[in-house]
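Coordinate analysis (summary)
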Amino acid sequence: MSWFIAAFAIATVMFFITPEKVTDKADNQPSIVDKFSKHSLVILPLLVLSWLIIAIASSPVIHFAGTAIGFVLTSCAIALPSAHKYLAPLATLTFASLLIELALYL
């Protein structure tokens, strides 16, 4: 249950910090802040993904692991515009994991 709460919290934070309108600047030399802000949305999901991998590696494998990783990878794909092409397969993986868990627990 804590992974669901964490996924909801991450989605809420990303919703509030995502810019409403993205514009391209015509700067020839982007500053360090611009370079950092381009990838700043993916930092939190990557931190959660590394925490999940460490938690899964240090404990017995449970059925929720695939779904948790699927949720985090989907949020990483949303945060990076270059990874939007992987959004549908990752969402499908998450949906399939949820269906498998539902079948196991009914």
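This text follows the structure it describes.
Just so you know, these numbers come straight off a predicted model, no measurement behind them.

Remarks on helix H1 (residues 2-17)
In a regular helix each residue adds 1.5 Å, so 16 residues correspond to 22 Å; H1 covers 23 Å between its end C-alpha atoms and thus fits that length. Of the positions making up H1, those classed as buried are Trp3, Ile10 and Met14. Along the axis of H1, the buried residues cluster in a sector spanning 35°; they form a single face. Opposite the packed face of H1, turned more than 90 degrees from it, sit the exposed residues Ser2, Ile5, Phe8, Phe15 and Phe16. Next to the buried residues of H1 lie helix H3 (43-58) and helix H4 (64-79).

Concerning the layout of surface pockets
There is about 190 Å³ of room inside the second largest pocket. Lining the second largest pocket are 13 residues; nearest its centre among them are Trp3, Leu52, Ala55, Ile56 and Ile62. At the level of elements, H1, H3 and H4 are the ones that each hand at least two residues to the lining of the second largest pocket. Among the elements that take part in the lining of the second largest pocket, H3 stands out by supplying four residues, more than any other. Residue composition of the lining of the second largest pocket, grouped by class: eleven nonpolar, two polar and no charged.

Conventions and cut-offs
- Residues numbered from 1 in each chain as written.
- Predicted model: local features only at pLDDT ≥ 70, side-chain atom pairs only at ≥ 80, totals over all residues.
- Heavy atoms only, no water.
- Helix = DSSP H or I, 4+ residues; strand = E, 2+ residues; numbered from the N terminus.
- Expected span 1.5 Å × (residues − 1).
- Buried < 20%, exposed > 50% of the residue type's maximum accessible area, 1.4 Å probe, protein only.
- Arc of directions from axis to C-beta.
- Contact = heavy atoms within 4.5 Å.
- 1 Å grid on protein atoms, 1.4 Å probe; cavity = no way out; pocket = protein on both sides within 12 Å on 5 of 7 lines; lining within 4 Å.
- Points joined across faces, edges and corners; volume = space filled by probe spheres on them.
- Nonpolar A, V, L, I, M, F, W, Y, C, P; charged D, E, K, R; others polar.

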